[in-house]
Amino acid sequence: MSILVVGSVALDSVETPFGKADDALGGSATFFSASASYFSPINVVGVVGSDFPHNELEFLKTRNVSLDGIKTEEGKTFRWGGKYHVDMNQRDTLFTALNVFEHFKPVIPGQYKNSEYVFLGNIAPTLQLDVLAQIDNPKLVALDTMNFWISGMKESLVEVIKKVDIILINDQEAKELTDKTNLVQAANAIFELGPQVVVIKKGEHGALLFTKQGIFSAPALPMETVCDPTGAGDSFAGGFIGYLAHNDVLKNGVLDESVLRKAMIYGSVMASFSIEDFSLEKLKDLSSEEISNRYIQFVELASF
Ligand code: AMP
C-alpha cells in the first residue's frame, strides 16, 4: 500500500567528531522516503528552491518514490545546520532557515488524494494540517515533529496531533510537549489528545511503543561506528510506517499489535543503517538480504 508523505526536503550542513558535510541532501521527507521505499511505494509532497540539485533525488525514482508532489519555487531551499558533541546523543542546532517552506501552500496532486497511509513528517504543523485537510479519507495517519515546532507553534501542533492515529517523537520532545518529566506520563498525556499509538524514540537507547495494550521496548543496535546520526529519527519512521503499510496493520478497524512490534524493529533496522554514513548515502542502495540480516541481529540481540 502506498504512503503519502509531507515533510522537509533540505540541504543540511552537519559537523560530527568524524567529519563534516556541507549542503548535503537531507530533510525529514527525504530520509523517510528513502527508508520507507524498501517496504512500500511512496508519494512525496514538499518544496525546494531554485538552487536545489534535483539530480541528487534521482535515486529515489528508481526506488518507487514518486516526486511529482515536490514543487520548485523561486528562492532558496530549506537549510538546517547541526553540530554533534563527542557524545553523539547530544547535538546543537546551529541554524534553521525555512526559506521556500515559509510561504509554501501544499497542493496535493489529484492522484494522491485518496492515499490510505499518510505520514506527516517533521515540518510546520500548519503545513501538516493543510495536507491532511486535502486527503479524502485516510485509513491511518502518523505524525513526527521536533522541538523547533513544539516551542514555536505548539497550538497548531496540538491541533494536528488530535487528528492523527500515531505519533513518533523523541524522549526530550515528548517531555517538552506534555510538561512531564516521566516518559510513561508523557505518553499518557499524548493519548489524552487522541492518538492510539505513541512511539518515543530514545536515540542510542532504542525506542518505546505505547499502545492501549501496553509497552514494548525495541533496542537500538549497539554500533561500533556511528558516522552521522542526522535523519535517524526519520529513517526509523520510514522503516516503521513502511512496514505497517506493507502489512496493512489496520485489520477490521483494529491495529495489529504484533505488526506494530515488528515495525518497531524494522524502524530500528533502518535507523541503524542511516547513521553509518553522512546524509542519505547508506540508504541509497541496500539489498533485501542486508535488511533481513540486520533484522536477525536485532532478534538475537533481544532474545533470552
Ligand atoms: P532527525 O535527525 O531525525 O531529527 O532529522 C534531521 C533532519 O530533519 C535533517 O535532515 C533536517 O534537514 C530536518 N530538520 C531539522 N529541523 C527541521 C525543522 N524545524 N523542520 C523540518 N525539518 C527539519
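Look a little higher up for the structure.
Along every chain, residues carry numbers that run from 1 in the direction the sequence is written. Owing to the predicted nature of the model, reporting of local features is limited to residues with pLDDT of at least 70; listing and counting of side-chain atom pairs is limited to 80 or more, with chain, interface and lining totals taken over all residues. The side-chain values count all of the structure's non-hydrogen atoms but skip hydrogen atoms and water molecules.

Chemist: Pulling in residues and values, what's your account of unusual backbone geometry?
Modeler: One non-glycine residue, D23, adopts positive backbone phi at about 50 degrees. Among the secondary structure elements, D23 is positioned in strand β3 (residues 19-26). Residues other than glycine seldom take positive phi values, yet D248 does so here, at roughly 40 degrees. Numbering of helices and strands runs from the N terminus; a helix is a DSSP stretch of H or I covering at least four residues, while a strand is a stretch of E covering at least two. Looking at where D248 falls in the secondary structure, it is placed in the loop between α8 (232-246) and β14 (250-251).

Chemist: How would you summarise the site of the ligand if you had to cite specific residues and measurements?
Modeler: Near the ligand, the surroundings consist of 20 residues, among which S8, D12, G27, R91 and G231 are the closest. Between N or O atoms, a polar contact is any pair within 3.5 Å; within protein, one atom must be a potential hydrogen donor and the other a potential acceptor, and residues adjacent in sequence are included only when both atoms are from side chains. One nitrogen or oxygen atom from the side chain of R91 is found 2.9 Å from an oxygen atom belonging to the ligand. Side-chain polar atom of W149 to a nitrogen atom of the ligand: 3.1 Å apart, as the coordinates give it. When the ligand is considered free in solution it has 510 Å² of accessible area, and contact with the protein chains removes 94% of it. Elements represented by at least two residues in the shell around the ligand include exactly β2 (10-16), β7 (91-97), α4 (147-152) and α8. The element that contributes the greatest number of residues to the shell around the ligand is α8, accounting for three residues. By convention in this text, a residue qualifies as near a molecule or strand provided that one of its non-hydrogen atoms is within 4 Å of it. The accessible surface values rely on the Shrake-Rupley method and a 1.4 Å probe; as for residues, cover is taken only from the protein chains in view.

Chemist: Break down the sheet that holds β2 for me, with residues and values.
Modeler: Pairing in this open sheet of four strands is mixed, and the strands run β3-β2-β6-β7 from one edge to the other. Edge positions in the sheet fall to β3 and β7, since each has one partner strand and no second. When the angles between neighbouring strand axes are averaged without regard to direction, this sheet yields 15 degrees. When DSSP finds two or more bridges between two strands, those strands count as paired. Looking at chain direction, strand β6 (residues 79-84) and β7 are connected through six bridges and run antiparallel. Looking at the pairing, Y84 lines up with R91 of β7. For helices, the axis comes from a line fit to the C-alpha atoms of the stretch in contact; other axes are also lines fit to C-alpha atoms, and the angle between any two N-to-C directions lies between 0 and 180 degrees.

Chemist: Describe the environment of S217, naming the residues involved and giving the relevant values.
Modeler: Secondary-structure assignment places S217 in strand β13 (residues 214-218). Categorising residues by exposure relies on relative accessible area from a 1.4 Å probe, with only protein chains included: less than 20% of the type maximum marks a residue as buried, more than 50% marks it as exposed, and the intermediate range marks it as partly exposed. Judged by relative accessible area, which is 46%, S217 ranks as partly exposed.

Chemist: Give a description of the pairing of strand β11 (residues 197-201) that names residues and reports values.
Modeler: Along β11, five of the five residues are buried, which leaves the element largely enclosed by surrounding structure. Here β11 shows no split at all, with V197, V199 and K201 on one side and V198 and I200 on the other all buried. Here strand β10 (residues 166-170) pairs with β11 via five bridges, running parallel. Bridging across to β11, I166 finds its partner in V197. The sheet contact formed by β11 and strand β12 (residues 207-211) spans four bridges and is antiparallel. Residue pairing for β12: V199 is matched across the bridge by L209.

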